Amino acid sequence: MREFRDVLEDVNKIDTTENEKKVETYLTSLLKVAKEEEKRDVYSKCVLFNESKFLEVENETLKTLISAAEILYNNTVYIEIIERHLEKNALRMLLLDLIYKFNEEQERNLKKLWVNSIVTNVQKELQSSTSSAHVSDIDFYEYLVEKEKCRKFDIIVREIKKEKIIEKTDVRRFRIVAQTKKFGGAQELLNKSGIRTQFSNAFTHYDFSLEYLEELKKIERLPETEYYKYFVDVKYSILNEYGAEVSGGERSEFNLLDKIQNAHHYDLLLIDEPESSFDNLFLKSEVNEQIRQISKTVPVLIVTHNNTVGVSIQPDYILFTKKEIVNSKPVYKIFSGKPGEKVLKKVDAEEIPSYEIMLNCLEAGLITYNERTQTYDILKN
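These numbers were taken from a predicted model, which means no experiment stands behind them. (Residues numbered from 1 in each chain as written. Predicted model: local features only at pLDDT ≥ 70, side-chain atom pairs only at ≥ 80, totals over all residues. Heavy atoms only, no water.)

**Student:** Whenever I open this one, the overall build of the chain confuses me. Can you help?
**Tutor:** Tallying secondary structure elements over the chain gives 14 helices and nine strands in all. In terms of overall size, the chain is more extended than a compact globule, its C-alpha atoms giving a radius of gyration of 37 Å where 381 residues would be expected to give roughly 21 Å. In terms of overall dimensions, the chain has C-alpha extents of about 120 × 60 × 50 Å along its principal axes. Taken across its 381 residues, the chain has 29% of its residues classed as buried. In the chain, the proportion of contacts linking residues at least 24 apart, taken out of those at least 6 apart, comes to 61%. Of note, the chain has its 56 positive side-chain charges centred 1 Å away from the centre of its 66 negative side-chain charges. (Helix = DSSP H or I, 4+ residues; strand = E, 2+ residues; numbered from the N terminus. Rg over C-alpha atoms; globule rule 2.2 N^0.38 Å. Buried < 20%, exposed > 50% of the residue type's maximum accessible area, 1.4 Å probe, protein only. Contact = heavy atoms within 4.5 Å. Lys, Arg positive; Asp, Glu negative; His and termini not counted. Charge placed at Lys NZ, Arg CZ, Asp CG, Glu CD.)

**Student:** So what exactly am I meant to see when it comes to unusual backbone geometry here?
**Tutor:** One non-glycine residue, Arg-172, adopts positive backbone phi at about 55 degrees. In this fold, Arg-172 is placed in the loop between strand E1 (164–171) and strand E2 (174–181). Positive phi outside glycine occurs at Ala-349, with the angle close to 80 degrees. On the secondary structure map, Ala-349 appears in the loop between strand E8 (343–345) and strand E9 (351–353).

**Student:** Sorry, what's going on with the sheet that holds E2 here?
**Tutor:** Strands belonging to one sheet form pairs held by backbone hydrogen bonds; the direction of such a pair is parallel or antiparallel. The strand order across the open sheet formed by three strands is E1-E2-E3, and the pairing between neighbours is antiparallel. Two strands close off the open sheet at either side, each with one partner strand: E1 and strand E3 (233–239). Taken pair by pair, the neighbouring strands of this sheet meet at an average axis angle of 20 degrees, ignoring direction. As judged from the seven bridges shared by E2 and E3, these two strands associate in the antiparallel manner. Bridge pairing in E3 places Ile-176 opposite Ile-238. (Pairing = 2+ DSSP bridges. Axes fitted to C-alpha atoms, helices over the stretch in contact; angles between N-to-C directions.)

**Student:** Any chance you could explain the nonpolar core here in plain terms?
**Tutor:** Generally speaking, soluble globular proteins have nonpolar side chains that are buried together. Ranked by internal contacts, the top residues of the largest apolar core, which has 23 residues, are Phe-4, Leu-8, Tyr-212, Leu-216 and Phe-231. Residue contributions to this core peak at four residues, all from helix H6 (residues 140–160). Ranked by size, the runner-up nonpolar core spans 19 residues in total, among them Val-171, Phe-174, Phe-282 and Leu-283. (Core = buried A, V, L, I, M, F, W, Y, C linked by side-chain atoms within 4.5 Å.)

**Student:** Got a minute to help me understand the packing of helix H2 (residues 16–35) against H6 in this structure?
**Tutor:** In helix packing, the relevant descriptors are the interaxial angle and the interaxial distance, both defined with respect to the helix axes. At a minimum axis separation of 11 Å, H2 and H6 run at an interaxial angle of 140 degrees. When the axes of H2 and H6 are compared, the pair comes out oblique. Judged by the sense of rotation from one axis to the other, the crossing of H2 with H6 is left-handed. Along the contact surface, H2 presents Thr-16, Asn-19, Glu-20, Val-23 and Tyr-26, while H6 presents Phe-140, Tyr-143, Glu-146, Lys-147 and Cys-150. (Parallel < 35°, antiparallel > 145°, perpendicular 65-115°, else oblique. Left-handed = near helix turned anticlockwise from the far one by under 90°.)

**Student:** Even after reading the chapter, I still don't get the side chain of Asn-116, so can you show me in this structure?
**Tutor:** Along the polypeptide, Asn-116 turns up in helix H5 (residues 88–128). Among the polar contacts made by the side chain of Asn-116, one reaches the main-chain amide nitrogen of Phe-54 at a distance of 2.8 Å. (Polar contact = N/O pair within 3.5 Å; in protein donor to acceptor, adjacent residues only side chain to side chain.)

**Student:** Quick question: what am I supposed to make of the packing of aromatic side chains here?
**Tutor:** If you walk through the whole model with that rule in mind, you get 11 aromatic pairs. Taking the centre distance of 6.1 Å and the plane angle of 5 degrees together, the rings of Phe-4 and Phe-153 count as stacked. Here Phe-4 is found in helix H1 (residues 2–12), whereas its partner Phe-153 is found in helix H6, with 149 residues between them in sequence. The buried category is assigned to Phe-4, whose relative accessible area is 6%. An angle of 90 degrees between the planes, with centres 6.5 Å apart, marks the rings of Phe-140 and Tyr-143 as edge-to-face. Of this pair, Phe-140 and Tyr-143 both sit in helix H6, separated by three residues, roughly a single helical turn. Among the aromatic residues, those joined into a cluster by ring pairs are Phe-4, Phe-153, Phe-183, Phe-203, Tyr-206, Tyr-212 and Phe-231. Positioned over the ring face of Tyr-228 is Arg-5, at 6.0 Å from the centre of the ring. Taking the ring centre of Tyr-206 as reference, the NZ or CZ of Lys-161 above it sits at 3.8 Å. (Phe/Tyr/Trp six-rings, centres within 6.5 Å; stacked < 30°, edge-to-face > 60°. Lys NZ or Arg CZ within 6 Å of the ring centre and 35° of its normal.)

Written out as structure tokens, the structure is:
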């Protein structure tokens, strides 16, 4: 929407009502001067009395060309490609010619401004010395340019209101789809704004772009920089691998994958109890490999009460916490070690068997492990 925002901000500077008044004033004064032709005196017959002003020449195109030529001339990264088509000296001469032309146009504009100031002062003196009507000044070129801008703005607004997909982004097995659509009513505009105000009057002009813009200007607390948001609604959808809208659980999975995807921008990735929201299969198939890749550049810490999560990710290091009651007070101990080591150690050299810890966390103890093993054997056979 950035390009549309720029167009809207440019059109927003145009006062169409004032422009029409200027044209009406000009035509009225022209008719009055023609009607009072016989009454003109020596002052009103002076050539400068109704003289038009010089128009300044816009230099934006020249500025753009000079900037482009400077980029080509000073570029060192792609110098071989540039010099294959354009000689360095030719570029230099082009740049100088453009600068000379720009200075020439600037000088001409300054002369026009100087002459216009003289004409304006003379006209004021002449008009103060006579009762004859004079033709009101108007810049028809500027008027027509602004009128054309408004016409094209209306075309652009009609085009962006057409429903279409403007962006697709893949996040692992999910896809984010951004789609534009027209606003369906004043309530949708209100929901978009998030402020307490009224959009009912503005929405009645929704199909008339310039009138609608004028109505938006009347709404208090609505920032000018956000007018563009109220011309077309952008809806974001999250689709699963089958192209359907995600369910609540799938949305949680997407949010996790989306957050993890951007983790390399930070100093540390901390994941707290992923098993509370996700099953082990999803974590193993969708999350683990991504985390392993991130851990090559960013420290990754996973806190879990389900050691299946910890084991399936193949960690580089394990921290195990244990609470004991000593003299009626809780004491927390932290044991650590590398996967595969027979014991986990505390900093004071106290040890616990890794086998016992893993069995309790994974299988809720040896008895449960044996019972589950028997169940698996029965199901298998």
